[in-house]
Amino acid sequence: MSQHWRKSHQENSLSEVFASIPIPKGGGFWRNLRAFIGPGFMVAVGYMDPGNWATDLAGGAQFGYTLLSVILISSLFAILLQHLALKLGVATGRDLAQACGDSFSKPVAYFLWIICELAIAACDLAEVIGSALALHLLFNIPILAGILITILDVFLILYFQNRGFRVLESIVMALLAVITLCFGYEMWVAEPVVSQVLQGLVPSTSIIMDEHQLYVAIGILGATVMPHNLYLHSSIVQTRAFEQNDIDRTKAIKYATWDSTISLSFAFFINASILILAAAAFHWNGRKDVADIQDAFLLLDPVMGTKWASVLFAVALLASGQNATVTGTLAGQIVMEGFIDLKLKPYLRRLITRLIAIVPAFFVTWIWGESHINELLILSQVILSMQLSFAVIPLVWFTSDAKRMGKFVNPTWMTWLAWIVSAIILSLNCYLLGQIFFA
């Protein structure tokens, strides 16, 4: 395969787990898929983290099912972009951060690294707040104390990480199963009108015309298509021990794409469920003001007439927050090593990332009170949305370059589609910036 990189060889991404999971020789579809299943679900975690809850709850309570179409479109964007990310990792042996660090000048690489770290901090902020909220709702632990307790998950993650990457994947998938079961119950109790849900999947012009809808819609986009997931996926797909030849790379891309698509379909179900739940329980009952996770928790039981709705809602929130911390840790390690070739001990890297998130969450809660927690969650998702283009554009550029990708270069139709998606994301973000600073 032809290469067009400045460095002929680079240390493997996440070298401690690189090619650590064996792949069967031959075997049928299901046997191979089972070997490749995992990275996609770890990526999907980022598509249903607590930041999504805030934007989806706000969208459902305020606008009913209208923004379901935004979740659907965002999920389709995500499926395409994650396919490009995993293909970059398999075809070139480089994750997205390494590709950027190799291709761009040092100032550009450092700039991309800094804004990526900001995105990871924004994501971690959502996880900290979400986990603290869940602890508060389930056990009445004060949110400030819950924020401090989240420091402890650093050691829990490191323990499981040392047990092997497959163990980490299994824990993530088990927590995803918990979240799915919780929302399956919520959907059964909420009894949404199917025809209205289906209508919500069709895009409406009101989303563009109404600036309030557009703000929440862009927040949903930022919460759904997570920039750090593109770096993460291009790295962890390389944990599979496939042979470095075109036949095995083709096989790896095929099954990794199945893994990714199935996983992101689960994420779509969870995000859609949160919005549908908010619309069915609150919007159609005249409670359009509910855009807060705490309010939703308190009102779910009386509105839906069951004592389990609120508890399972909080259990799913806690599982979501804990799951997302795993992928945030890995993404932070990947971008730091890839962009600036700086390696830190995993516990130190995790503590730094967590403290960057805890400090603003702690002081906002302390100074302005718990009432501003939800605003902080939505703001974190808007920050993610703004950073998205800086990850998407290099990804599309690399995977569309035949000199870098060889026979795995994007076909023409995929290149055009990917650039259109990039343009949509960039346009929406520019519009949002204009609304924030010039409105």
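Residues numbered from 1 in each chain as written. Predicted model: local features only at pLDDT ≥ 70, side-chain atom pairs only at ≥ 80, totals over all residues. Heavy atoms only, no water.

Undergrad: Hey, could you run me through the overall build of the protein chain in this one?
TA: Helix and strand counts for the protein chain stand at 20 helices and zero strands. Since a compact globule built from 439 residues should have a radius of gyration of about 22 Å, the 21 Å found for the protein chain is in line with a globular shape. Considering only C-alpha atoms, the protein chain reaches an extent of 60 × 50 × 45 Å along its principal axes. In the protein chain, buried positions account for 58% of the 439 residues. For the protein chain, the exposed surface amounts to about 17400 Å²; the carbon and sulfur share of it is 69%. Mean positive and mean negative side-chain charge positions of the protein chain (25 and 28 charges, respectively) differ by 12 Å. (Helix = DSSP H or I, 4+ residues; strand = E, 2+ residues; numbered from the N terminus. Rg over C-alpha atoms; globule rule 2.2 N^0.38 Å. Buried < 20%, exposed > 50% of the residue type's maximum accessible area, 1.4 Å probe, protein only. Areas by Shrake-Rupley, 256 points an atom, 1.4 Å probe, with all protein chains shown as cover. Lys, Arg positive; Asp, Glu negative; His and termini not counted. Charge placed at Lys NZ, Arg CZ, Asp CG, Glu CD.)

Undergrad: Help me understand the packing of aromatic side chains in this model?
TA: Across all of its chains, the model carries twelve aromatic pairs by this definition. Taken together, a centroid distance of 5.6 Å and an interplanar angle of 45 degrees make the contact between F29 and Y255 tilted. Remark: Y255 occurs in helix α14 (residues 246–281) and F29 occurs in helix α1 (residues 29–36); sequence separation between them is 226 residues. In this structure Y255 comes out as buried when scored by relative accessible area, which is 7%. (Phe/Tyr/Trp six-rings, centres within 6.5 Å; stacked < 30°, edge-to-face > 60°.)

Undergrad: Help me understand the environment of Q387 in this model?
TA: Structurally, the position occupied by Q387 is in helix α18 (residues 373–399). Among the residues examined, Q387 registers a relative accessible area of 5% and is labelled buried. Discounting chain neighbours no more than four positions away, the residues touching Q387 are I115, C116, A119 and P227. (Contact = heavy atoms within 4.5 Å.)

Undergrad: How do you make sense of the nonpolar core when you look at a structure like this?
TA: A general feature of soluble globular proteins is that nonpolar side chains tend to end up buried together. Membership of the largest hydrophobic core comes to 136 residues, with the highest contact counts inside it found for L67, F183, Y231, F282, F313 and F339. Of the residues forming this core, the biggest block, 16 residues, is contributed by α14. Ignoring anything within four residues of it in the chain, the contact list for F313 reads W53, L57, F183, E186, L277, I293, A296, F297 and L300. One finds A119, A122, C123 and M226 within the second-largest nonpolar core, a separate group that totals five residues. (Core = buried A, V, L, I, M, F, W, Y, C linked by side-chain atoms within 4.5 Å.)

Undergrad: Can you walk me through unusual backbone geometry in this structure?
TA: The phi torsion of most residues other than glycine is negative, and most of the peptide bonds are trans. Phi is positive for A19, close to 50 degrees, though the residue is something other than glycine. By the secondary structure assignment, A19 is in the segment before α1. The exposure class assigned to A19 is partly exposed, which follows from its relative accessible area of 32%. With phi around 60 degrees, N140 is a residue other than glycine that occupies positive phi space. Topologically, N140 is positioned in the loop between α6 (106–139) and α7 (143–149).

Undergrad: Please explain the packing of helix α4 (residues 68–92) against helix α13 (residues 227–236) as it appears in this structure.
TA: How two helices sit against one another is set out by the angle between their axes and by the gap between those axes. As a packed pair, α4 and α13 sit with axes 7 Å apart at the nearest point and diverge in direction by 40 degrees. By the angle between their axes, α4 is oblique relative to α13. Between α4 and α13 lies a crossing of right-handed hand. Across the interface between the two elements, L81, Q82, A85, L86 and G89 of α4 pack against N229, L230, H233 and S234 of α13. (Axes fitted to C-alpha atoms, helices over the stretch in contact; angles between N-to-C directions. Parallel < 35°, antiparallel > 145°, perpendicular 65-115°, else oblique. Left-handed = near helix turned anticlockwise from the far one by under 90°.)

Undergrad: When you look at the environment of F18 in this model, what are you seeing that I'm missing?
TA: Tracing the backbone through its elements, the reader meets F18 in the segment before α1. According to the relative accessible area criterion, F18 is partly exposed, its value standing at 25%. A sequence separation of 222 residues divides F18 from R240, and the C-alpha atoms of the two residues are 7.3 Å apart. Ignoring sequence-local partners within four residues, the contact set of F18 consists of N12, S13, Q238 and T239.

Any link to function would need more than the numbers given here.
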